Amino acid sequence: QVQLVESGGGLVQTGGSLRLSCAASGRTFSNYNMGWFRQAPGKEREFVAAISWGGGRTYYEDSVKGRFTISRDNAKNTVSLQMNSLKPEDTAVYYCAADPKNFRGIVVPTIQAAYDYWGQGTQVTVSS
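Undergrad: Explain the overall build of the chain to me, and be specific about the residues and the numbers.
TA: For the chain, the count of helices and strands is zero helices and eleven strands. In sequence order, the chain lays out its α and β elements as β-β-β-β-β-β-β-β-β-β-β. For the chain, whose C-alpha radius of gyration is 14 Å, the value lies close to the compact-globule estimate of 14 Å for 128 residues. Overall, the C-alpha framework of the chain stretches about 40 × 30 × 25 Å when taken along its three principal axes. Among the 128 residues that make up the chain, the fraction classed as buried is 45%. Within the chain, contacts between residues separated by at least 24 positions form 61% of all contacts whose residues are at least 6 apart in sequence. In the structure as shown, the chain presents an accessible area of about 6200 Å², 50% of it carried by carbon and sulfur atoms. The average position of the 13 basic charges and that of the 10 acidic charges among the side chains of the chain differ by 6 Å.

Below, the structure written as structure tokens:
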């Protein structure tokens, strides 16, 4: 079992920044890949970013490249998403997700179905 708790969401103006954090517990955090997803009102949940178990490989959805940065601190069992130059279309509930079944997996998944554990989500609202 893995427990995930997100924090850091809030209301920000267009062009502003937020930093989301996800604290993990329950299994050896440094052994599995992590991802961030988001779901806007009336839309399907979509991939945002993912990071490999060691932190050396990162992947981003095209619309957030150059604005968002995913990182992890394996000593603190946390994964973060730094979001800069925020736009109204970034408004969504953001979820972190864990893929512990894929022990030190070479392939870092970018699809929801690959992730077994999810946090409760944190709301990000970008005002225009």
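Undergrad: Tell me about unusual backbone geometry, and name the residues and values.
TA: Its identity is not glycine, yet Asn77 carries a phi of approximately 55 degrees, on the positive side. In this fold, Asn77 is placed in the loop between strand S7 (68-73) and strand S8 (78-83). For Arg104, which is not a glycine, the phi torsion comes out positive at approximately 45 degrees. On the secondary structure map, Arg104 appears in the loop between strand S9 (92-99) and strand S10 (117-118).

Undergrad: Please set out the pattern of salt bridges residue by residue, giving values where relevant.
TA: As enumerated under the stated definition, the model contains six salt bridges in all. A salt bridge links Arg38 to Glu46; the shortest N-O distance between them is 2.7 Å. Residue Asp116 pairs with Lys101 through a salt bridge whose shortest N-O separation is 3.4 Å. Placement of the pair is Asp116 in the loop between S9 and S10 and Lys101 in the loop between S9 and S10, with a sequence separation of 15 residues. Judged by its relative accessible area of 38%, Asp116 is partly exposed. Using a relative accessible area of 52% as the deciding quantity, one classes Lys101 as exposed. Residues joined by salt bridges that share partners form a network here, namely Arg38, Glu46, Arg67 and Asp90.

Undergrad: Can you tell me about the side chain of Arg72, naming the residues and giving the values?
TA: Residue position: Arg72 is located in strand S7. Within the buried core, Arg72 has no salt-bridge partner, and the shortest N-O distance to an opposite charge, that of Asp73, equals 8.3 Å. Within the local environment of Arg72, its side chain forms a polar contact with the backbone oxygen of Phe29, the two atoms lying 2.8 Å apart. With residues near it in sequence (within four places) discarded, Arg72 still touches Phe29, Ser30, Tyr32, Asn33, Met34, Ile51, Ser52, Trp53, Gly55, Thr78 and Val79.

Rules of the game
Residues numbered from 1 in each chain as written. Predicted model: local features only at pLDDT ≥ 70, side-chain atom pairs only at ≥ 80, totals over all residues. Heavy atoms only, no water. Helix = DSSP H or I, 4+ residues; strand = E, 2+ residues; numbered from the N terminus. Rg over C-alpha atoms; globule rule 2.2 N^0.38 Å. Buried < 20%, exposed > 50% of the residue type's maximum accessible area, 1.4 Å probe, protein only. Contact = heavy atoms within 4.5 Å. Areas by Shrake-Rupley, 256 points an atom, 1.4 Å probe, with all protein chains shown as cover. Lys, Arg positive; Asp, Glu negative; His and termini not counted. Charge placed at Lys NZ, Arg CZ, Asp CG, Glu CD. Salt bridge = Lys/Arg side-chain N within 4 Å of Asp/Glu carboxyl O. Polar contact = N/O pair within 3.5 Å; in protein donor to acceptor, adjacent residues only side chain to side chain.

The values reported here are purely geometric and, on their own, carry no functional implication.
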